[in-house]
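Working through the structure, step by step
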Amino acid sequence: MVRRMQKDRNFILIGYMGSGKSTVGKKAAKAFGFRFIDTDVCIEEQEGCTISELFAKKGEAYFRDRETELIRSLLSEPKGMVVATGGGLPMRPENAAILKQLGTVIYLKAGQDTLVDRLTGDTQRPLLSDGDLRGKIKSMLEIRGPVYESTADVCIATDNMSFYEMIGAMERADAKERG
Ligand code: S3P
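Everything in this summary refers to the structure shown in the same document. (Residues numbered from 1 in each chain as written. Predicted model: local features only at pLDDT ≥ 70, side-chain atom pairs only at ≥ 80, totals over all residues. Heavy atoms only, no water.)

**As for the overall build of the protein**
Helix and strand counts for the protein stand at eight helices and five strands. Expected size for 179 residues packed as a compact globule is a radius of gyration near 16 Å; at 16 Å, the protein falls within 12% of this value. Structurally, the protein occupies a C-alpha span of about 45 × 35 × 25 Å along its principal axes. A total of 179 residues make up the protein; the buried ones form 49% of that total. For the protein, restricting intrachain contacts to residue pairs at least 6 apart in sequence, the fraction spanning at least 24 positions comes to 76%. Counting only carbon and sulfur atoms, one obtains 51% of the accessible surface of the protein, whose full area is about 8900 Å². (Helix = DSSP H or I, 4+ residues; strand = E, 2+ residues; numbered from the N terminus. Rg over C-alpha atoms; globule rule 2.2 N^0.38 Å. Buried < 20%, exposed > 50% of the residue type's maximum accessible area, 1.4 Å probe, protein only. Contact = heavy atoms within 4.5 Å. Areas by Shrake-Rupley, 256 points an atom, 1.4 Å probe, with all protein chains shown as cover.)

Given below as structure tokens:
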């Protein structure tokens, strides 16, 4: 049985595409009685199109500006949110700083084999739409991995971990932050 969290903080989930941020985030929000925010879904709603369409129509830089704008706007929202972020969002130093201000940042770290399994055949992610998937994941993680690590308060290695174990790790992160 998961205890209900005090709604005086937020949890921010970061990590590579396919690491489970949205799936885990939705379930965790439900378990804690928090609101669930998915930055990609918010941007799709605001722009009236999918992320792939947005990349095609307005380009990646436009999308990245919308990400920054969105997380900045969350700073003035009431606490009690679990926020699942797009995989590239922490890469802007400005964004990483906002995320830290927003709440407890949790890096969901999935292994490369898990990511390849989950992302094979995916058609929703414009950055993975062509080329060698495994090679792309490997080279992107070389750049992104250290940024995820340095942005996060806690890193959870999610391979072979049950949802309840992940929730337990989030609760421990919460307790640690409270001191
Ligand atoms: C991206 C990850 C995607 C989405 C966009 C770019 C990235 O979100 O924001 O396609 O740069 O890693 P998910 O991590 O939810 O797939």
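After that view of the structure, there is still more to cover.
**Examining the sheet that holds strand β5 (residues 154–157)**
Strand pairs in the sheet, formed through backbone hydrogen bonds, run parallel or antiparallel to each other. The five strands lie next to each other as β2-β3-β1-β4-β5, forming an open sheet whose pairing is parallel. The open sheet is flanked by β2 (35–38) and β5, the only strands paired with a single partner. On average, adjacent strands in this sheet sit at an angle of 20° to one another, irrespective of strand direction. Judged from the four bridges that link them, strand β1 (residues 11–14) and strand β4 (residues 104–109) form a sheet pairing that is parallel. (Pairing = 2+ DSSP bridges. Axes fitted to C-alpha atoms, helices over the stretch in contact; angles between N-to-C directions.)

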